[in-house]
Amino acid sequence: MRSTLLHLPGVTEKLYFGTPAFYVNKKIFARIKEDGENLVLGTLDRDKWMHAKPDVYHITAHYLNYNYMLVRLAHADPQELKELLLTAWRNRATKKLIEAYQKNIT
């Protein structure tokens, strides 16, 4: 995850409840859950993902009112996870940061 996220404009890594967490604009968008087996990931499409792959994507009652889902890392497809991480970053990043990223990949 670090190799995917830390090169993105504006991303910082800090500890959150003793686990690595990734922020942009001081807003968290992904973190390792305390169990070390799940990723807490910001998403606007969690119902779609949980319906498509309930063995990978799920939530607990705690996340019902938040735009996050849990990802079982042992079952996640690495490429799909990378895309979800980029989307989570985009959902929190400013237009200026997104433009900077686009310039670097073209």
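Please read these numbers as outputs of a predicted model, since none were measured by experiment.

**Topic: the pairing of strand β1 (residues 11-16)**
- With six bridges connecting them, β1 and strand β2 (residues 19-24) associate as antiparallel partners. Note on β2: the bridge partner recorded for Tyr16 is Thr19.
- Where β1 folds back on β2, the antiparallel hairpin that results is connected by two residues, among which Phe17 adopts a positive phi of roughly 50 degrees.

**Notes on the nonpolar core**
- Among the nonpolar cores identified, the biggest contains 26 residues, and Phe29, Leu39, Leu41, Tyr57, Val71 and Trp89 are the most heavily contacted of them.
- Of all the secondary structure elements, the ones that give two or more residues to this core are β2, β3 (27-32), β4 (38-42), α2 (46-52), β6 (68-72), α3 (78-92) and α4 (95-105).
- The element best represented in this core is α3, accounting for six residues.
- Ignoring anything within four residues of it in the chain, the contact list for Val71 reads Glu37, Asn38, Leu39, Leu41, Val56, Tyr57, Ala76 and Leu81.
- Counting residues in hydrophobic clusters, the runner-up holds seven residues, among them Ala21, Ile28, Val40 and Tyr63.

**Considerations on the packing of α3 against α4**
- Close contact between α3 and α4 brings their axes to 8 Å; oriented N to C, the two are set at 140 degrees. Taken together, the axis directions place α3 and α4 in an arrangement best described as oblique. Across from Leu86, Trp89 and Arg90 in α3, the residues of α4 making contact are Leu97, Ile98 and Tyr101.
- Looking at the contact of α3 with α4 residue by residue, the class counts come to five nonpolar, no polar and one charged.

**A look at the packing of aromatic side chains**
- What the rule picks out here adds up to four aromatic pairs.
- Seen in terms of ring centroids, Trp89 and Tyr101 are 5.4 Å apart; in terms of plane orientation they differ by 65 degrees. Their pairing is edge-to-face. A residue pair is termed long-range when its members are at least 10 positions apart, and Trp89 in helix α3 and Tyr101 in helix α4 qualify at twelve residues.
- We classify Trp89 as buried; its relative accessible area is 0%.

Cut-offs used in this document
Residues numbered from 1 in each chain as written. Predicted model: local features only at pLDDT ≥ 70, side-chain atom pairs only at ≥ 80, totals over all residues. Heavy atoms only, no water. Pairing = 2+ DSSP bridges. Helix = DSSP H or I, 4+ residues; strand = E, 2+ residues; numbered from the N terminus. Core = buried A, V, L, I, M, F, W, Y, C linked by side-chain atoms within 4.5 Å. Buried < 20%, exposed > 50% of the residue type's maximum accessible area, 1.4 Å probe, protein only. Contact = heavy atoms within 4.5 Å. Axes fitted to C-alpha atoms, helices over the stretch in contact; angles between N-to-C directions. Parallel < 35°, antiparallel > 145°, perpendicular 65-115°, else oblique. Nonpolar A, V, L, I, M, F, W, Y, C, P; charged D, E, K, R; others polar. Phe/Tyr/Trp six-rings, centres within 6.5 Å; stacked < 30°, edge-to-face > 60°.

Without other data, these values stay purely geometric and don't point to any function.
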